[in-house]
Amino acid sequence: SIRVEKLGERAVQTALTRVYVGVLLIDDGKRAEADTQLQLAFDILDKSPENRPVTSMIFLGRGMIAKANGNLDEAETLLNRALEIQNRYLGHGHPDSAATLAQLAGVAQARGDLPKAEELTREALQIAEHGYGPEDFRTAIYLQDLADIRKLRGDEVEAKRLVERVTTIQDDRLPQEHVVRAETLHSQAELAARNGNFEEAVALERKALDLLRSQY
């Protein structure tokens, strides 16, 4: 391929591996090490336009690191660059862009701009529903994000409806011990506490804690 001819197969595979390692390190909370891996990958992949879709993952990863470190302006710049690349090379509304939009929503939420955060989250959800399907476990991630925002905006009725939909998808698609369920249990506990059902809230939080302990 053109990519291999320009960069060499070994270099490309090395760069892709660094991208995947960087993403895993972000999930593990090792931000500085992740940023190093992503920068090394970027130095290779950015030399060829054919690799730009993968380059978007690097901007996404570095944007996530900047957001986690509280550098919101930098995060927004990096994430918008990722989105620009995804829209240009993959097409507007590609499922990969849902994750970028969700991160941009997180930036808006960190700034206290909940209406903007909700707008971006709904866009991410719409893309996920179209790209993955309305009952896919990946779609449930964005449903959970929207539920959290609606809860923050005081709409507990819609938040509860969304969480119930998330739970239904997870029950159908994920094993009972999957760690993703912990976040849903936490949201259910918060809603229960807001409604004065404190015993139910404690039971749900204990269930979430037990799940997390079983995984780590």
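Below, the structure is looked at part by part. Values in this document were obtained by computation on a predicted structure and should not be read as measured data.

How each quantity is defined
- Residues numbered from 1 in each chain as written.
- Predicted model: local features only at pLDDT ≥ 70, side-chain atom pairs only at ≥ 80, totals over all residues.
- Heavy atoms only, no water.
- 1 Å grid on protein atoms, 1.4 Å probe; cavity = no way out; pocket = protein on both sides within 12 Å on 5 of 7 lines; lining within 4 Å.
- Points joined across faces, edges and corners; volume = space filled by probe spheres on them.
- Helix = DSSP H or I, 4+ residues; strand = E, 2+ residues; numbered from the N terminus.
- Nonpolar A, V, L, I, M, F, W, Y, C, P; charged D, E, K, R; others polar.
- Salt bridge = Lys/Arg side-chain N within 4 Å of Asp/Glu carboxyl O.
- Polar contact = N/O pair within 3.5 Å; in protein donor to acceptor, adjacent residues only side chain to side chain.
- Contact = heavy atoms within 4.5 Å.

Let us now look at the layout of surface pockets. What the largest pocket holds in volume is close to 1,300 Å³. Every element with two or more residues in the lining of the largest pocket is listed here: helix 2 (9-27), helix 4 (52-68), helix 6 (96-110), helix 8 (137-152), helix 9 (156-173) and helix 10 (181-194). For the lining of the largest pocket, the element with the most residues is helix 8, which contributes nine residues. Grouping the amino acids of the lining of the largest pocket by side-chain chemistry returns 22 nonpolar, eleven polar and eight charged.

A separate point is the pattern of salt bridges. Applying the stated criterion to the full structure yields 16 salt bridges. Between Asp 136 and Arg 138 there is a salt bridge, with its nearest N and O atoms 2.9 Å apart. Salt bridges linked by common partners bring Glu 118, Arg 122, Arg 150, Arg 153, Asp 155, Glu 158 and Arg 161 together as one network.

A separate point is the side chain of Thr 139. Residue placement: Thr 139 occurs in helix 8. One polar contact links the side chain of Thr 139 to the main-chain carbonyl oxygen of Gly 133, over a distance of 2.7 Å. If near-sequence neighbours (up to four positions away) are discounted, Thr 139 is found in contact with Leu 125, Ala 128, Glu 129, Tyr 132, Gly 133 and Pro 134.

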